[in-house]
Amino acid sequence: MRRRGASIGEIEALYRQHLPRFLRATAAIVGDEGLASDAVQDAFASAVKARSSFRRDVALEAWLWRIVINAALQVRRGLRDEAESGAEVSVEMNGQLVEDLAVRRWVALLPERQRLAVFLRYFADHLDYRSIAVALDVEVGTVSATLSAAHAALRHSAQEVEL
């Protein structure tokens, strides 16, 4: 019988090993480095609390990605709610290149699943399709199709600029 749950040490090791990747992807989703850092910290606190629910039939890193992505989405929903209520929302964009900002805008316009798949694949140091599937709670084939659709949409956006 397989052991259920994850140890605090296992979670901490992945946190230390991949923190820059988690921060980069979360910042891309949230749009603010400070809020991204808070979301990652909250996600790992949640992971430690929920560690007994981890099933060993999936990779621990993929399970953690799902928690981190959910925390980032929760922060982004909060920002959207604040914006809709009329509260000011500031977004930090430390020294980003104009070209990078254009790509970020195009990615921001993608449907949510496509946008998240792109973040996980390219902002999280090329997370593999299986890990993305676990993080998004979809099939691996869906990840492939989702990324293909996102690539097509991004190519279309780039071609419009060239015209």
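To start, this report covers the structure provided alongside it. Predicted model only: the values in this text are computed from it and were never measured.

With that settled, consider the side chain of arginine 115. Structurally, the position occupied by arginine 115 is in helix 5 (residues 112–123). Judged by its relative accessible area of 11%, arginine 115 falls in the buried class. Among all residues touching arginine 115, those that are not within four sequence positions of it are Arg76, Val107, Ala108 and Leu110.

Moving on, we get to the pattern of salt bridges. This structure, assessed with the given rule, holds seven salt bridges. Residue glutamate 112 pairs with arginine 115 through a salt bridge whose shortest N-O separation is 3.8 Å. Of this pair, glutamate 112 and arginine 115 both sit in helix 5, three residues apart, which is roughly one turn of that helix.

The interhelical angle for the contact between helix 1 (residues 8–30) and helix 2 (residues 33–49), taken along N-to-C directions, is 145°, at an axis separation of 9 Å. Crossing angle aside, the handedness with which helix 1 passes helix 2 is right-handed. Listed contacts from helix 2 to Ile8, Ile11, Tyr15, Leu19, Phe22, Leu23, Thr26, Ala27 and Val30 of helix 1 are Glu33, Leu35, Ala36, Ser37, Ala39, Val40, Gln41, Phe44, Ala47 and Val48.

Counting 46 residues, the largest nonpolar core has Phe44, Trp63, Leu64, Trp65 and Leu120 as the members making the most contacts within it. Secondary-structure elements contributing two or more residues to this core are helix 1, helix 2, helix 3 (60–84), helix 5, helix 6 (129–136) and helix 7 (140–162). A total of eleven residues in this core trace back to one element, the largest contributor, which is helix 3.

This part covers the packing of helix 1 against helix 5. For the pair helix 1 and helix 5, the least separation of the axes is 9 Å and the interaxial angle reads 150°. Both helix 1 and helix 5 take part in a crossing whose hand is right-handed. On helix 5, the residues that touch Arg21, Arg24, Ala25, Ala28 and Ile29 of helix 1 are Leu116, Phe119 and Phe123. The residue inventory of the contact of helix 1 with helix 5, partitioned by class, reads six nonpolar, no polar and two charged.

About the thresholds
- Residues numbered from 1 in each chain as written.
- Predicted model: local features only at pLDDT ≥ 70, side-chain atom pairs only at ≥ 80, totals over all residues.
- Heavy atoms only, no water.
- Helix = DSSP H or I, 4+ residues; strand = E, 2+ residues; numbered from the N terminus.
- Buried < 20%, exposed > 50% of the residue type's maximum accessible area, 1.4 Å probe, protein only.
- Contact = heavy atoms within 4.5 Å.
- Salt bridge = Lys/Arg side-chain N within 4 Å of Asp/Glu carboxyl O.
- Axes fitted to C-alpha atoms, helices over the stretch in contact; angles between N-to-C directions.
- Left-handed = near helix turned anticlockwise from the far one by under 90°.
- Core = buried A, V, L, I, M, F, W, Y, C linked by side-chain atoms within 4.5 Å.
- Nonpolar A, V, L, I, M, F, W, Y, C, P; charged D, E, K, R; others polar.

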